[in-house]
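The lines below spell out each chain.
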Amino acid sequence: MCGLHYLFATPRFSSFLRRPLEDLDDDHNSEDASSTILTEEEVSLHATARGDAALLTVILCSVPMMAFFVIQTAPFTTNLSMIIMTWAAMAGIFAMYLLYNPEKHLWFLKPKTDTITGTLQDDPLGIFAVVTKYRDPVMFAGYLLLMEGSIYRLLHSRFQYLFVGLAPPLNGMLLMVVGLLISIIVLMTIRVLRLSELINNRTTLPLLSQSRLIIMLLCIIASVMIAVVTGMPPVFHPLSAIAAATFNAFLMDRKNGSGFMLFVFSSSILLLWWMYRTFSFVIMDLRILADGTVIPSSVMTVTILLYYLLGALAFGFSFNENKRPLAVVLCMLGFKIAFVEHILY
């Protein structure tokens, strides 16, 4: 729906459509035809009129919500909180989309001219001015609604067994904090990437190092929170923090091989715990080659662990100038993938 709105309700710009604009030469009389100079100015091609664009915007905000309500098996007996949270997530998406660029997505609210007369004529209530003024807080509120609705759906889905470390609603609140931390990490990472382009400037080096240190600390805090909310034993919490710290250290210094190996070791231990917790109920052996060969579950577990180890090593070797180790690891990873796929499917 957002894509359709972007294609048909926003003003489209075309370099093929131009209109002549008359500029009068100040050194000559305006009545003199020779003093009129014709220039070309690019104009916007509106795919729809203002009223049609406003109607499409209303449809964008209402049809998905009503469609979700209608497709429910028993909409009037379904959990009302589930419907409300889903609607809240949809409202957050629409708010973030429309207010990301109100000059383009809500162009029909904008006055045709910037003069006081044009504003009073096209937007007497000042709706567009209010939209632009409160754009950032409304977008943040929409992002919170999206996170809240998504977390609620996650905690009431078949994957809810993964987040039993804390009792409701503490697990949802902690996941909300983790989501906010991840958002801050992403924004700061984008800022670091932009600052890295100006690394020759001495004034940016301390700021760049400070930003990277803050990102590492936030990643450690987020990883420990995830360990708590997933019910990980306290003995594994330091491993989660070590994995987050060493991975960030490797991204800062790609030649830090010892730090990356420490990340692979700690994350492999965490993967083993997760596999034991999730698939420990599987006690049957797998049979392949027309039941002629029996693969014990323990062997399958080690195979999946090696699959992860090879993938992690391939990621680390991809930054090395010598690509031969990467080629060898990728070949081994391909054989492991074929083996696992053959057993499971």
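Numbering of residues starts from 1 in each chain and follows the order in which that chain's sequence is written. Residue-level local features of this predicted model are given only where pLDDT is at least 70; pairs of side-chain atoms are given and counted only at 80 or more, and the full residue set underlies all totals for whole chains, interfaces and linings. Side-chain descriptors were evaluated using all non-hydrogen atoms of the structure, hydrogens and water having been removed beforehand.

### Topic: the nonpolar core
- Joining through side-chain atoms within 4.5 Å is the link that ties buried Ala, Val, Leu, Ile, Met, Phe, Trp, Tyr and Cys residues into a set, and such a set is a nonpolar core. Remark: exposure states derive from per-residue accessible area (1.4 Å probe, protein chains only) relative to the maximum for the residue type, with buried under 20%, exposed over 50%, and partly exposed in between. Counting residues in hydrophobic clusters, the biggest one holds 22 residues, and the most contacted among them are Phe163, Leu175 and Ile215.
- Secondary structure elements follow DSSP: runs of H or I no shorter than four residues count as helices, runs of E no shorter than two count as strands, and numbering proceeds from the N terminus. Contributions of two or more residues to this core are made by helix 7 (135–155), helix 8 (170–196) and helix 9 (204–229).
- The leading source of residues in this core is helix 8, at nine residues.
- Contact between two residues is taken to exist if any of their heavy atoms lie within 4.5 Å; hydrogens are not considered. Not counting residues within four places of it along the chain, the set of residues in contact with Leu175 comprises Ile151, Leu155, Phe163 and Val229.
- In this structure, Met65, Ile83, Tyr97 and Leu99 belong to the second largest nonpolar core, which totals 16 residues.

### Considerations on the pattern of salt bridges
- When a carboxyl oxygen of Asp or Glu lies within 4 Å of a side-chain nitrogen of Lys or Arg, that pair is called a salt bridge. Under the defined criterion, the tally for this structure stands at one salt bridge.
- Note that Asp136 is salt-bridged to Arg135, the shortest N-O span being 3.0 Å.
- A relative accessible area of 53% places Asp136 in the exposed class.
- Overall, the relative accessible area of 23% leaves Arg135 in the partly exposed class.

### Here we look at the environment of Met261
- Within the secondary structure, Met261 is located in helix 11 (residues 257–279).
- The class for Met261 is partly exposed, based on a relative accessible area of 45%.
- Measuring from C-alpha to C-alpha, the distance between Met261 and Ala243 comes to 9.9 Å, with 18 residues separating the pair along the chain.

### Concerning the packing of helix 7 against helix 8
- Interhelical geometry of helix 7 versus helix 8 gives an angle of 135 degrees and a closest axis separation of 10 Å. By the angle between their directions, the pair helix 7 and helix 8 is classed as oblique. Of the two possible hands of crossing, helix 7 and helix 8 adopt the one that is right-handed. Between helix 7, through Tyr143, Leu144, Met147, Glu148, Ile151 and Leu155, and helix 8, the contact on the second element is made entirely by Asn171, Gly172, Leu175, Met176, Gly179, Leu180 and Ser183.
- Of the residues contributing to the contact of helix 7 with helix 8, the split by class is eight nonpolar, four polar and one charged. Helix axes are fitted to C-alpha atoms over the stretch in contact, other axes to C-alpha atoms as well, and angles between N-to-C directions run from 0 to 180 degrees. Working definition: roughly parallel below 35 degrees, roughly antiparallel above 145 degrees, roughly perpendicular at 65 to 115 degrees, and oblique for all remaining angles. Should the near helix be turned counterclockwise from the far one by less than a right angle, the crossing is left-handed, whereas a clockwise turn marks it as right-handed. Each residue gets one label: Ala, Val, Leu, Ile, Met, Phe, Trp, Tyr, Cys and Pro are nonpolar, Asp, Glu, Lys and Arg are charged, and the others, such as Gly, are polar.

### Observations regarding the state of the cysteines
- By convention in this document, the label disulfide applies to cysteine sulfur atom pairs within 2.5 Å. Inspection of every chain in the model, using the stated rule, returns zero disulfides.
- Left unpaired, Cys2 is separated from the closest cysteine sulfur, that of Cys61, by 8.4 Å.

### Quick word on the packing of aromatic side chains
- Here a pair means two rings of Phe, Tyr or Trp (six-membered ring of Trp) with centres within 6.5 Å. Their orientation is stacked below 30 degrees between planes, edge-to-face above 60, and tilted elsewhere. Scanning all chains against the criterion turns up eight aromatic pairs.
- Seen from their ring centres, Trp107 and Phe108 are 6.5 Å apart, and the 75 degrees between their planes marks the pair as edge-to-face. In terms of burial, Trp107 and Phe108 fall into one category: buried.
- Relative to Phe315, the ring of Phe260 lies with its centre 6.4 Å away and its plane at 35 degrees, an arrangement referred to as tilted. One end of the pair, Phe260, is in helix 11; the other, Phe315, is in helix 12 (residues 297–317), with 55 residues separating them in the sequence.
- Of the residues examined, Phe260 reaches a relative accessible area of 4% and is grouped as buried.
- Members of the aromatic cluster, each reached through a chain of ring pairs, are Phe247, Phe250, Phe260, Phe263 and Phe315.

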